[in-house]
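One-letter residues, chain by chain:
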Amino acid sequence: MSKRWLSVMTAILMTVGLMGLTSMEAKADMPTDVKLTSEQQEEMKALQQEALKQKKEIINKYVEYGVFSKEKGQKIITHLEQRYIKMEQNGFVPIFHDDYKRHRSKES
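Quick caveat: nothing in here was measured; it's all calculated off a predicted structure.

About the thresholds
- Residues numbered from 1 in each chain as written.
- Predicted model: local features only at pLDDT ≥ 70, side-chain atom pairs only at ≥ 80, totals over all residues.
- Heavy atoms only, no water.
- Helix = DSSP H or I, 4+ residues; strand = E, 2+ residues; numbered from the N terminus.
- Buried < 20%, exposed > 50% of the residue type's maximum accessible area, 1.4 Å probe, protein only.
- Axes fitted to C-alpha atoms, helices over the stretch in contact; angles between N-to-C directions.
- Parallel < 35°, antiparallel > 145°, perpendicular 65-115°, else oblique.
- Contact = heavy atoms within 4.5 Å.
- Nonpolar A, V, L, I, M, F, W, Y, C, P; charged D, E, K, R; others polar.
- Salt bridge = Lys/Arg side-chain N within 4 Å of Asp/Glu carboxyl O.

A. Fine view of unusual backbone geometry. The phi angle at Phe-92 is positive, at roughly 60°, despite the residue not being glycine. If you trace the backbone, Phe-92 turns up in the loop between α3 (70-89) and α4 (100-107). Note on Phe-92: relative accessible area 5%, which makes it buried.

So this is what it looks like as structure tokens:
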């Protein structure tokens, strides 16, 4: 029994160790100080505006079909617009937070 227990603990520790290494590698590959040129920003602005327009149309269709209430649809659209404003303020460069998983677990 103790050999099985030791094997299970070893497997768990190895898995946790590998997960830690892969997350550190992923963070190391992300550039931290990216600046887009004005041309690149204008292109990203046009793409983001088009994506926002399409997402709004999708949400409005869900409201029309009764999947979302009108209030819920408006709340989602407001959130999308706020995200667009933040992207615009950041020069259309996405921000990656280290606490993403922790943040998502609080909302769930």
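B. Here's a closer look at the packing of helix α2 (residues 38-65) against α3. Viewed as axis vectors pointing N to C, α2 and α3 meet at an angle of 175°, and their least axial separation amounts to 9 Å. By the angle between their axes, α2 is roughly antiparallel relative to α3. Each of Lys-45, Gln-48, Gln-49, Leu-52, Lys-55, Lys-56, Ile-59, Asn-60 and Val-63 in α2 lies in contact with α3, whose residues at this interface are Lys-70, Gly-73, Ile-76, Ile-77, Leu-80, Glu-81, Tyr-84, Met-87 and Glu-88. Class assignment for the residues of the contact of α2 with α3 results in eight nonpolar, four polar and six charged.

C. Highlighting the pattern of salt bridges. Summed over all chains, the structure comprises three salt bridges. Salt-bridge contacts for Glu-88 lead to Lys-45; the nearest nitrogen and oxygen are separated by 3.7 Å. Here Glu-88, found in helix α3, pairs with Lys-45, found in helix α2; they are 43 residues apart in sequence, far enough to count as distant.

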